[in-house]
Amino acid sequence: MIDVWALASGSSGNAYLVRAGGTTLLVECGTTLARAVGYLGQRGVAPETLDGVLLTHEHSDHIRSARQLSDRYGIPMFATEGTLGHRTLRDSPHARAVRPGKRLRIGDIEVLPFRVPHDAAEPVGFRLAADDGTVCITTDLGFVPETVIPRFRDSDLLVLEANHDEEMLHAGPYPRFLKQRVLGQHGHLSNDATAEALSACGDRVPPEVWLAHLSLVNNTPGRAQTHVAERLAAIGLGHVVVDVAKRHGPSLHWSSGPRMVQARLL
Ligand SMILES: [Zn+2]
Ligand SMILES: [Zn+2]
């Protein structure tokens, strides 16, 4: 069984918890250490029991307390060489370099990092597979290249950025240079681009999608969810469950375990 929790999502800090068999991984550590440890505690996870922290890229909303967590509790940090070159991660005894396109096994979880376009040194997304489930997590990408669509297909859960609504961004308060950065090929995904990428998965679209890394200024959870769900429904993919990860604190939980049993237990 593989379980995923959204602990924090957005420019004020990102963190996802993934657990399968006896292995527990944190994906991103972009909040303060106190918050990260608090969020883990809410899920019953002591930080020293983590088997690793996976980092997609070096922007502070993804790595803010990664080094502290790693140093204090002796947790391995898995990231590309480019990401590990950041001044706060460099020379860590717990750094473990990963290569885009090359699978690695961490306990009961097989991890596949894959390259994404973003204004960082060597950004990746992660596809995580356990015995009975596959989860793909990727935020912070300017567009979804054709090479990335196969990473989404047949995942059981996809955590994907839906950063901004293009109309809101155009009409909003961001200065021109920042609007252009967000909209650029190495910026962030719009609701529209996210819907487009999901459509491109066709009948191999993940049955459950969490929209993540929403802009506080240029998007709303309702707008993102409606936009993506309507686009999917229009092409016959209305069965896909679309949820939105909250910015602060543990929000969504997904499990590959039997749904009916879960529903009754809840
Ligand atoms: Zn980010
Ligand atoms: Zn970023």
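The following paragraphs examine the structure supplied in this document.

Reading the values: the criteria
- Per-chain numbering applies: the sequence of each chain, read as written, is numbered from 1 onward.
- A letter from A marks each chain and a number from 1 marks each ligand, given out in the order of writing.
- Under the rules for a predicted model, residues below a pLDDT of 70 receive no local features and side-chain atom pairs below 80 are neither given nor counted, while totals for whole chains, interfaces and linings still include all residues.
- The side-chain numbers reported here are obtained from all heavy atoms of the structure, hydrogens and water having been left aside.
- Two strands make a pair as long as DSSP finds a minimum of two bridges between them.
- By definition, any uninterrupted DSSP run of H or I lasting at least four residues is a helix, any uninterrupted run of E lasting at least two residues is a strand, and each is numbered from the N terminus.
- Axis angles are defined between N-to-C directions and span 0 to 180 degrees, where every axis is a line fitted to C-alpha atoms and, for a helix, only to the segment in contact.
- Per-residue accessibility, obtained with a 1.4 Å probe over protein chains only, is compared with the maximum for each type, and a residue is labelled buried under 20%, exposed over 50%, and partly exposed between these values.
- What the arc covers is the set of directions going from the helix axis to the C-beta atoms.
- Atoms are scored as donors when they are N, O or S and lie within 2.8 Å of the metal, with 3.2 Å used for Na, K and Ca; no water is included, so coordination may look incomplete.
- Working rule for geometry: tetrahedral if four donors all subtend angles between 85 and 135 degrees; square planar for four, octahedral for six, if opposite donors exceed 155 degrees and the others stay between 65 and 115; irregular in every other situation.
- We define a salt bridge as a contact between a side-chain nitrogen of Lys or Arg and a carboxyl oxygen of Asp or Glu at a distance within 4 Å.
- Residues enter a nonpolar core if they are buried and are Ala, Val, Leu, Ile, Met, Phe, Trp, Tyr or Cys, with the set joined through side-chain atoms within 4.5 Å.
- In what follows, residue pairs with any heavy atoms lying within 4.5 Å of each other are defined as contacts.

1. Here's the deal with the sheet that holds strand β3 (residues 23–27)
Alright, step 1. If you trace the 7 strands from one edge of the open sheet to the other, you get β6-β5-β4-β3-β2-β1-β14, paired in mixed fashion. Only two strands of the sheet have a single partner each, and these edge strands are β6 (95–98) and β14 (253–255). Strand-to-strand, the axes of this sheet are offset by a mean angle of 25°, without reference to chain direction.
Alright, step 2. Alignment of strand β2 (residues 15–20) against β3, held across 5 bridges, turns out to be antiparallel. When the bridges of β3 are listed, Leu17 appears paired with Leu26.

2. Details of helix α3 (residues 66–73)
Alright, step 1. Listing the buried residues of α3 in full gives Ala66, Leu69 and Ser70. An end-on view of α3 places all buried positions within 95° of arc, on one side of the element.

3. So, the coordination of the zinc ion (ligand 2)
Alright, step 1. The zinc ion (ligand 2) binds to the protein through His57 (NE2), His59 (ND1), His118 (NE2) and Asp140 (OD), with metal-donor distances spanning 2.2 to 2.3 Å.
Alright, step 2. Geometry at the zinc ion (ligand 2) is irregular, judged from the 4 donor atoms that bind it and their angles of 92 to 168° at the metal.
Alright, step 3. If you list the donors of the zinc ion (ligand 2) from N- to C-terminus, the spacing comes out as H-x1-H-x58-H-x21-D.
Alright, step 4. The metal-metal distance between the zinc ion (ligand 2) and the zinc ion (ligand 1) is 3.6 Å, with Asp140 serving as a donor to both. Taken together, the positions of His59 in the loop between β4 (52–54) and α2 (60–63) and Asp140 in the loop between β10 (133–138) and α5 (149–152) put the pair 81 residues apart, joining distant regions of the chain.

4. Regarding the coordination of the zinc ion (ligand 1)
Alright, step 1. Bound to the zinc ion (ligand 1) are the protein donor atoms Asp61 (OD), His62 (NE2), Asp140 (OD) and His213 (NE2), situated 2.1 to 2.3 Å from the metal.
Alright, step 2. Its 4 donor atoms give the zinc ion (ligand 1) angles of 91 to 165° at the centre, a pattern that matches the irregular case.
Alright, step 3. Donor residues for the zinc ion (ligand 1), ordered by position in the chain, follow D-H-x77-D-x72-H.

5. A short note on the pattern of salt bridges
Alright, step 1. Enumeration according to the criterion identifies 8 salt bridges in this entry.
Alright, step 2. Where Asp154 meets Arg204, a salt bridge forms, and the shortest distance between an N and an O atom there is 2.8 Å. You can see Asp154 sitting in the loop between α5 and β11 (157–161) and its partner Arg204 sitting in the loop between α8 (191–200) and β12 (208–212), a full 50 residues away along the chain.
Alright, step 3. The salt bridge involving Arg223 is made with Glu167; its shortest N-O contact spans 3.5 Å. Within this pair, whereas Arg223 is found in helix α9 (residues 221–234), its partner Glu167 is found in helix α6 (residues 166–171), the two being separated by 56 residues in sequence.
Alright, step 4. By relative accessible area, which is 36% here, Arg223 ends up partly exposed.
Alright, step 5. Here the residues in one salt-bridge network are Asp165, Glu167 and Arg223, joined through shared partners.

6. Thoughts on the nonpolar core
Alright, step 1. Ranked by internal contacts, the top residues of the largest apolar core, which has 28 residues, are Val18, Val27, Leu54, Val111, Leu128, Ile137 and Trp210.
Alright, step 2. Sorting elements by how many residues they give to this core places strand β9 (residues 124–130) first, with 4 residues.
Alright, step 3. Filtering out sequence-adjacent residues up to four positions away, Val18 remains in contact with Ile2, Asp3, Val4, Thr23, Thr24, Leu25, Val27, Ile109, Leu128 and Ile137.

7. Considerations on α8
Alright, step 1. Residues of α8 that are buried: Asn191, Thr194, Ala195, Ala197, Leu198 and Ser199.
Alright, step 2. Positive phi shows up at Gly202, right after α8, with a value of about 60°.

8. Observations regarding the sheet that holds β11
Alright, step 1. Pairing in this open sheet of 7 strands is mixed, and the strands run β7-β8-β9-β10-β11-β12-β13 from one edge to the other. The open sheet is flanked by β7 (104–106) and β13 (241–244), the only strands paired with a single partner. Going from strand to strand, the sheet's axes swing by 20° on average, the running direction of each strand aside.
Alright, step 2. Sheet analysis places β10 next to β11, joined by 4 bridges and oriented parallel. Note that in β11 the partner of Cys136 across the bridge is Leu158.
Alright, step 3. Strands in contact with α9 are β12 and β13; relative to β13, the strand with the most contacts, it is inclined by about 165°.

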